[in-house]
Amino acid sequence: QVQLVESGGGLVQVGGSLRLSCAASGLAFSSAAMGWFRQAPGKEREFVTAVSWSGGSTYYADSVKGRFIISRDNAENTVYLQMNSLKPEDTAVYYCAAGWGASKKRYDYDYWGQGTQVTVSS
């Protein structure tokens with residue numbers, strides 16, 4: 001069955017960097033669009049970024065544009081989220097998701113990982 005497993009979360013200071021990984025199995029990864037979402041306590045899960053199947057198109061939420069970078073390695077069946085200049089408001093559980101077209105909407109993704117906690121402290 002399809003599995004998406006996030007890793008790389010942790011505690012980081014304001015202004016620091018963190019790199020998240022999402023390893024996929026059980027699906028045609030090279031044909032799937034991949035996205036990252038996050039959910040802070042008491043808030044809805046929100047779109048962060050997405051990348052097309054080829055890696056040629058990327059999309060970012062305004063809140064992370066210029067700070068976060070999504071990339072993928074189809075040979076490794078892995079999508080990455082490089083997070084720079086982290087702010088306290090970036091604190092959330094980060095989820096990776098797989099779908100059949102890059103989208104900013106949660107319901108356009110068929111599969112989800114379990115999430116990894118990112119905490120940004122001052």
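About the thresholds
Residues numbered from 1 in each chain as written. Predicted model: local features only at pLDDT ≥ 70, side-chain atom pairs only at ≥ 80, totals over all residues. Heavy atoms only, no water. Helix = DSSP H or I, 4+ residues; strand = E, 2+ residues; numbered from the N terminus. Buried < 20%, exposed > 50% of the residue type's maximum accessible area, 1.4 Å probe, protein only. Core = buried A, V, L, I, M, F, W, Y, C linked by side-chain atoms within 4.5 Å. Contact = heavy atoms within 4.5 Å. Pairing = 2+ DSSP bridges. Axes fitted to C-alpha atoms, helices over the stretch in contact; angles between N-to-C directions. Salt bridge = Lys/Arg side-chain N within 4 Å of Asp/Glu carboxyl O. Phe/Tyr/Trp six-rings, centres within 6.5 Å; stacked < 30°, edge-to-face > 60°. Lys NZ or Arg CZ within 6 Å of the ring centre and 35° of its normal.

Undergrad: So, the overall build of the protein chain: which residues are in play, and what are the values?
TA: Across its full length, the protein chain holds zero helices and eleven strands. Along its sequence from the N terminus, the protein chain presents helices and strands in the succession β-β-β-β-β-β-β-β-β-β-β. Expressed as lengths along the three principal axes of its C-alpha atoms, the size of the protein chain is roughly 40 × 25 × 25 Å. Out of the 122 residues in the protein chain, the part that is buried amounts to 44%.

Undergrad: Give a detailed account of the nonpolar core, specifying residues and quantitative values.
TA: Membership of the largest hydrophobic core comes to 35 residues, with the highest contact counts inside it found for Met-34, Trp-36 and Tyr-94. In terms of residue count, strand β9 (residues 92-99) provides more of this core than any other element does, five residues in total.

Undergrad: I'd like to hear about the side chain of Ser-21, residue by residue, with values.
TA: Here Ser-21 lies in strand β3 (residues 18-25). Each residue touching Ser-21, except ones within four places of it in the same chain, is listed here: Val-5, Glu-6, Ser-7, Trp-36, Thr-78, Val-79 and Tyr-80.

Undergrad: Talk me through the sheet that holds strand β7 (residues 68-73); I want residue IDs and the actual numbers.
TA: Strand order in the open sheet formed by four strands is β1-β3-β8-β7, with antiparallel pairing between adjacent strands. The open sheet has two edge strands, β1 (3-7) and β7, and neither has a second partner. Strand-to-strand twist in this sheet, taken as the mean axis angle between neighbours without regard to direction, amounts to 15 degrees. As paired elements, β7 and strand β8 (residues 78-83) share six bridges and run antiparallel to each other. Across the sheet, the residue bridging to Ile-69 is Gln-82, located in β8.

Undergrad: Tell me about the pattern of salt bridges, and please be specific about residues and values.
TA: Under the definition given, this model contains four salt bridges. Glu-46 is the partner of Arg-38 in a salt bridge, and the nearest nitrogen-oxygen pair spans 2.8 Å. Residue Glu-46 is classed as partly exposed on the basis of its relative accessible area, which comes to 37%. Of the charged contacts, one joins Lys-65 and Asp-62 as a salt bridge, the two residues approaching to 3.3 Å between their closest N and O atoms. Taking the relative accessible area as the measure of exposure, Asp-62 reaches 66% and is therefore exposed.

Undergrad: Got a sec to walk through the packing of aromatic side chains? Specific residues and values, please.
TA: Summed over all chains, the structure comprises four aromatic pairs. When the centroid spacing of 5.7 Å and the interplanar angle of 75 degrees are considered together, the rings of Phe-37 and Phe-47 count as edge-to-face. In this pair, Phe-37 is assigned in strand β4 (residues 33-39) and Phe-47 in strand β5 (residues 46-51), connecting sequence segments ten residues apart. Between Arg-45 and the ring centre of Trp-112, over which it is positioned, the NZ or CZ distance is 5.0 Å.

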